[in-house]
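Next come the chains, spelled out residue by residue.
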Amino acid sequence: MSSSPESAHRVTVARGDGIGPEIMDATLRVLEAAGAPIVPEFVEIGEAAYLAGDTSGIPEQAWATIRRNPVFLKAPITTPQGGGYKSLNVTIRKSLNLFANVRPSKSYAPYVASPHPGMDLVIVRENEEDLYAGIEHQQTREVVQVLKLITRPGTERIVRYAFEYARAYGRRKVTCMTKDNIMKHTDGLFHSVFREVAEEYDDIEADHQIIDIGTARLAAQPERFDVIVTLNLYGDILSDVASQIAGSVGLGGSANVGPDVAMFEAVHGSAPDVAGKGIANPSGLLTAAAQMLVHLGESESASRIQNAWLRTLEDGIHTADIYRAGLSATEVTTEHFTDALIERLGECPKELRPVAYRASRIKVDQRPRPAATKQLVGIDIFLDWDTDPRDPDRLGAVLQEAAGRVGWSLKMITNRGVKVFPGGLPETFCTDHWRCRFVPSGASATTFDAVLDLLASVHRSECEVIKTEHLYTFDGARGYSLGQGE
Ligand code: NAD
């Protein structure tokens, strides 16, 4: 792609399955014509590798190439049905620490039909933490749990990425979405880190919305949003809502970005129903390739390609998936769409807003923070306790005695988070899973040895301990939630 390979960026390229090879060839042709300074290194991953017995779909030699190069341009891959295969995307994302998922959703009305003509937003989703850490346990016959893990460094990194992205792409506002009115510690950390980081970017407006009402507003008035940054699960749902309502799933690109490697791909899949017919729309992968060039600091080439692409759409030169009689001028094949785009390199759209990406690499650095003083001030002991009837007062009496023997006191018992002792309501539904909160009698801090004494005493009272959570303060601030009704 480049006349001077020494200064060019080496890019791992997977041609993928289904329509993958067709749209990748089109994309590489455009990159070449635009003089993008990249050198592709091809890897074979996906269906053929799966069927040859490689369950990850990525052979060893492909991994070596993917890890060596800073960026990876990937065409869609077919996930074979019914074989217990792992998702190749999840494998790549987790293995390479691709912490940021970036998905723009834009409408190109009136040239491409869309129910939300003014929509132009980007969702920056945290990609590794939250409920997706995959730490799940069944603890009693009736109760299973999953751990929602939110970290300060992980949050800081994704939030800073969202603001840096806004700067690089000339965007004005970053909206954070959480549910911190309910999850005050996990979502609360995400929101408070957002507030801290936002102060470093006084050129960009920052606001916060609760995820439920935020999602409703996004669905009704997407044009009100610019960049949205959010946790993994909310981002997963939100980006599908946004793609769907933009009316342009086939045109969208997406990026998965990590500290060493970033992967760029179309939002859509391998479209086996149209594969081999020469009619696939290469726009999603082209948009992803433009994102890749901005990531590499090659903003000028990215803008050139994106503007020529917008002009092609505007001129009504459309592949079958977006062709509408009366709206489009000509229905074209993948090859003719690509030729038309290449002819327009150097031109800008007349009506749609041209892009002008800034020449800045998106880099996020971590700021060291002073360590907080951590104190152990109590413990939650979880029990599997299944008597008939399930009487919290009876359990409370047994535990008060066990605690009193070793210098602790029982503060409360909750069932599914609701306080049932002392002073619970008879209407509250109880399962066989009980959280029992103990604090040391008298002192405000305690030791691990004292916790072991308490555990032994509870165990001797014939209560089945299934899990413990330590209660800490950090610089005096409570690091645990209160029970509902505490
Ligand atoms: P899909 O996105 O491949 O196709 C959905 C519909 O949109 C089809 O009718 C298809 O013809 C059409 N379509 C999609 N992209 C198009 C394009 N560029 N041009 C013209 N028409 C296009 O979704 P699917 O059918 O659910 O999935 C097919 C395969 O792709 C599955 O094996 C799935 O697992 C895989 N997939 C891969 C990725 C990825 O690699 N990132 C993402 C999604 C799905």
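Only a predicted model underlies this, so the values are computations on that prediction, with no experimental measurement involved.

Draft legend 1. Focus on the pattern of salt bridges. This structure, assessed with the given rule, holds 31 salt bridges. The partner of Asp203 in a salt bridge is Arg167, and the shortest N-O contact between them spans 2.9 Å. Pair noted here: Asp203 is in the loop between helix 6 (186–198) and strand 9 (205–210) and Arg167 is in helix 5 (residues 152–168), with a separation of 36 residues, a long-range link. When its relative accessible area of 47% is taken as the criterion, Asp203 is described as partly exposed. Salt bridges linked by common partners bring Lys106, Asp120, Arg171, Asp226 and Arg353 together as one network.

Draft legend 2. The layout of surface pockets, seen in detail. Estimates place the volume of the largest pocket at around 2,100 Å³. Lining the largest pocket are 45 residues, and of these His185, Thr186, Gly479, Tyr480 and Ser481 lie nearest its centre. Where the lining of the largest pocket is concerned, the elements lending two or more residues are strand 7 (144–146), helix 6, strand 15 (374–384), strand 18 (433–440), strand 19 (464–474) and strand 20 (477–478). Its residues placed into classes, the lining of the largest pocket shows 19 nonpolar, 14 polar and 12 charged. Both of domain 1 (5–343) and domain 2 (374–478) provide at least three residues apiece to the lining of the largest pocket. Estimates place the volume of the second largest pocket at around 700 Å³. Residue lining of the second largest pocket: 33 residues in total, with Lys106, Asp120, Arg171, Val355 and Tyr357 positioned closest to the centre. It is strand 4 (residues 100–106) that provides the largest number of residues to the lining of the second largest pocket, a total of four residues.

Draft legend 3. Looking closely at the domain arrangement of the chain. Each assigned domain of the chain is listed here: domain 1 (5–343) and domain 2 (374–478). The distance between the C-alpha centroids of domain 1 and domain 2 comes to 46 Å. Contacts between the two partners involve seven residues from domain 1 and, on the opposite side, eight residues from domain 2. Roughly 760 Å² is buried in total at the junction of domain 1 and domain 2, and carbon and sulfur atoms are behind 43% of that figure.

Cut-offs used in this document
Residues numbered from 1 in each chain as written. Predicted model: local features only at pLDDT ≥ 70, side-chain atom pairs only at ≥ 80, totals over all residues. Heavy atoms only, no water. Salt bridge = Lys/Arg side-chain N within 4 Å of Asp/Glu carboxyl O. Helix = DSSP H or I, 4+ residues; strand = E, 2+ residues; numbered from the N terminus. Buried < 20%, exposed > 50% of the residue type's maximum accessible area, 1.4 Å probe, protein only. 1 Å grid on protein atoms, 1.4 Å probe; cavity = no way out; pocket = protein on both sides within 12 Å on 5 of 7 lines; lining within 4 Å. Points joined across faces, edges and corners; volume = space filled by probe spheres on them. Nonpolar A, V, L, I, M, F, W, Y, C, P; charged D, E, K, R; others polar. Domains from an automatic or database assignment. Contact = heavy atoms within 4.5 Å. Buried area = accessible area lost by both parts, 1.4 Å probe.

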